[in-house]
Amino acid sequence: MSEQQLLERFNEFEQQTLEQLSQMNKSILEAFKFNFIYNQLVPEQKQRETAQKVKEYRDREWKKAMQRANNDVQKAYEEYTKDAFFV
């Protein structure tokens, strides 16, 4: 591989990495923004109730995924996350 080709590959890799980091930072910022607004607008009791319901939902869905995957954790995880909006 020539020096020019190596430099081009490095530049492509650098650009892809910067784009991925930018997307990740945007996602983190959106999560912080959501939490800030949510904490300002939703009463603490309602937040606790919602968190408990989410936990119960995830537990129930994980058990279903494990049953469908015959207790194969890897397959269950794939099943559990394939349509999940929270992953």
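Residues numbered from 1 in each chain as written. Predicted model: local features only at pLDDT ≥ 70, side-chain atom pairs only at ≥ 80, totals over all residues. Heavy atoms only, no water.

Caption draft 1: Molecular detail of helix H2 (residues 44–68). With 25 residues, H2 should reach 36 Å at 1.5 Å per residue; the first-to-last C-alpha distance of 36 Å fits that figure. Taken together, the buried positions of H2 are occupied by Gln47, Glu61, Ala65 and Met66. Lining the buried residues of H2 we find helix H1 (3–41) and helix H3 (73–81). Just downstream of H2 lies Asn70, where phi reads positive at about 50 degrees. (Helix = DSSP H or I, 4+ residues; strand = E, 2+ residues; numbered from the N terminus. Expected span 1.5 Å × (residues − 1). Buried < 20%, exposed > 50% of the residue type's maximum accessible area, 1.4 Å probe, protein only. Contact = heavy atoms within 4.5 Å.)

Caption draft 2: A look at the pattern of salt bridges. Scanning all chains against the criterion turns up seven salt bridges. Residues Lys33 and Glu30 are paired through a salt bridge, measuring 3.4 Å at the closest nitrogen-oxygen approach. Here the residue Lys33 and the residue Glu30 both occupy positions in helix H1, the gap between them amounting to three residues, near one helical turn. A relative accessible area of 44% places Lys33 in the partly exposed class. Judged by its relative accessible area of 45%, Glu30 is partly exposed. Arg68 is paired through a salt bridge with Glu79; the nearest N and O atoms lie 3.0 Å apart. Separated by 11 residues along the polypeptide, Arg68 in helix H2 and Glu79 in helix H3 bring together distant segments of the chain. Since its relative accessible area comes to 26%, Glu79 is described here as partly exposed. (Salt bridge = Lys/Arg side-chain N within 4 Å of Asp/Glu carboxyl O.)

Caption draft 3: Region of the structure containing H3. Taken residue by residue, H3 has Ala76, Tyr80 and Thr81 as its buried positions. Around the axis of H3, the buried residues are gathered within 115 degrees of arc, so they sit on the same side. Buried residues in H3 make contact with H2. Of the residues that open H3, the one with a side-chain oxygen 3.0 Å from the backbone nitrogen of Gln74 is Asp72. (Arc of directions from axis to C-beta. Polar contact = N/O pair within 3.5 Å; in protein donor to acceptor, adjacent residues only side chain to side chain.)

Caption draft 4: Representation of the packing of aromatic side chains. Summed over all chains, the structure comprises two aromatic pairs. Ring centres 5.4 Å apart and planes at 15 degrees place the aromatic pair Phe34 and Tyr38 in the stacked group. Placement of the pair is Phe34 and Tyr38 together in helix H1, with a separation of four residues, close to one helical turn. Here Trp62 and Tyr80 contribute two aromatic rings whose centre-to-centre distance is 5.5 Å and whose plane-to-plane angle is 85 degrees, an arrangement assigned as edge-to-face. Within this pair, whereas Trp62 is found in helix H2, its partner Tyr80 is found in helix H3, the two being separated by 18 residues in sequence. Overall, the relative accessible area of 28% leaves Trp62 in the partly exposed class. (Phe/Tyr/Trp six-rings, centres within 6.5 Å; stacked < 30°, edge-to-face > 60°.)

Without other data, these values stay purely geometric and don't point to any function.
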